[in-house]
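Here is how the chains run, residue by residue.
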Amino acid sequence: MKDRKEKITVWELFFSRDIGIEIKACLYYCCILAYYFIFRIIRGSLDASIIHMIEMICATYIIGYLQFYVMANFDEEDEFSWKTVVYSLLCSFIYMVVAVFCKWYDGMFFVNAGFFAFMEFCYLSYFFIYRMKKRIDTRILNHELREFQERSKK
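Because the structure is predicted, anything quoted here is derived from the model rather than measured. (Residues numbered from 1 in each chain as written. Predicted model: local features only at pLDDT ≥ 70, side-chain atom pairs only at ≥ 80, totals over all residues. Heavy atoms only, no water.)

**Quick look at helix H3 (residues 50-69)**
Note the following rule: Elements are defined by DSSP. Helices are runs of H or I of four residues or more, strands are runs of E of two residues or more, and each kind is numbered from the N terminus. To estimate how far a helix should reach, multiply one less than its number of residues by 1.5 Å. Residues adjacent in sequence count toward polar contacts only when both atoms are side-chain atoms; beyond that, a polar contact is any pair of N or O atoms within 3.5 Å, and within protein one must be able to donate a hydrogen and the other to accept it.
Its 20 residues place the ends of H3 29 Å apart at the C-alpha level, agreeing with the 28 Å of an ideal helix rising 1.5 Å per residue. Between a side-chain oxygen at the N-terminus of H3 and the backbone nitrogen of isoleucine 51 the separation is 3.3 Å; the capping residue is serine 49.

This is how it looks when you write it as structure tokens:
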């Protein structure tokens with residue numbers, strides 16, 4: 001009975017992966033919205049297209065699943081490598097192509113190029129922040145393990 005509770009089920013594995021994709025989709029969606037809102041405000045408009053926002057959230061989910069299943073979840077790796085740079089450039093490029101195709105930034109070349117650079121910055125920032133979080137979590141777990149071992153010796 002105890003072994004059955006300790007084994008990770010297929011559903012638990014799926015939900016764990018899916019929650020990670022959900023969190024990243026929300027994070028990148030917020031980044032895209034921030035850039036989009038700033039663009040709209042600079043253009044003198046306080047209105048935003050709901051259709052554009054739906055396209056943005058759909059793009060973040062599709063790219064999130066691609067990133068996880070095709071690109072080996074590159075932004076959560078332990079070490080910075082050429083693969084991280086290439087995959088982040090590819091994802092940023094895909095976002096820019098979607099932005100151009102869906103006319104999020106009214107076809108303005110420099111705004112779309114800026115969006116590409118902004119998304120690359122977001123990807124690299126996420127990589128470094130996530131790596132820092134994993135290192136802190138590791139230190140905390142090691143500290144808790146040492147405390148547990150000391151308690152079990154007594």
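**Description of the packing of aromatic side chains**
The cut-off we apply is this: Note on aromatic contacts: the rings of Phe and Tyr and the six-membered ring of Trp form a pair at centre separations within 6.5 Å, being stacked when their planes are under 30 degrees apart, edge-to-face when over 60 apart, and tilted otherwise. Each residue's exposure class comes from its accessible area (1.4 Å probe, protein chains only) as a fraction of the maximum for that residue type: buried when under 20%, exposed when over 50%, partly exposed otherwise.
Applying the stated rule across the entire model yields 24 aromatic pairs. Seen from their ring centres, tyrosine 95 and tyrosine 123 are 6.5 Å apart, and the 40° between their planes marks the pair as tilted. A residue pair is termed long-range when its members are at least 10 positions apart, and tyrosine 95 in helix H4 (residues 82-102) and tyrosine 123 in helix H5 (residues 109-153) qualify at 28 residues. Both residues of the pair, tyrosine 95 and tyrosine 123, count as buried. Aromatic pair phenylalanine 127 and phenylalanine 128: ring centres 5.1 Å apart, planes at 80°, arrangement edge-to-face. Residue classification places phenylalanine 127 among the buried positions, given a relative accessible area of 1%. One aromatic cluster is present, formed by Tyr35, Tyr36, Phe37, Phe39, Trp104, Tyr105, Phe115 and Phe118 through successive ring pairs.

**Quick word on the pattern of salt bridges**
Where we set the bar: Counted as salt bridges are all cases of a side-chain nitrogen of Lys or Arg within 4 Å of a carboxyl oxygen of Asp or Glu.
Enumeration according to the criterion identifies 8 salt bridges in this entry. Residue aspartate 75 pairs with lysine 24 through a salt bridge whose shortest N-O separation is 2.8 Å. Of this pair, aspartate 75 sits in the loop between H3 and H4 while lysine 24 sits in helix H2 (residues 10-42), and the two are 51 residues apart along the sequence. Judged by its relative accessible area of 0%, aspartate 75 is buried. Arginine 43 is the partner of aspartate 106 in a salt bridge, and the nearest nitrogen-oxygen pair spans 3.6 Å.

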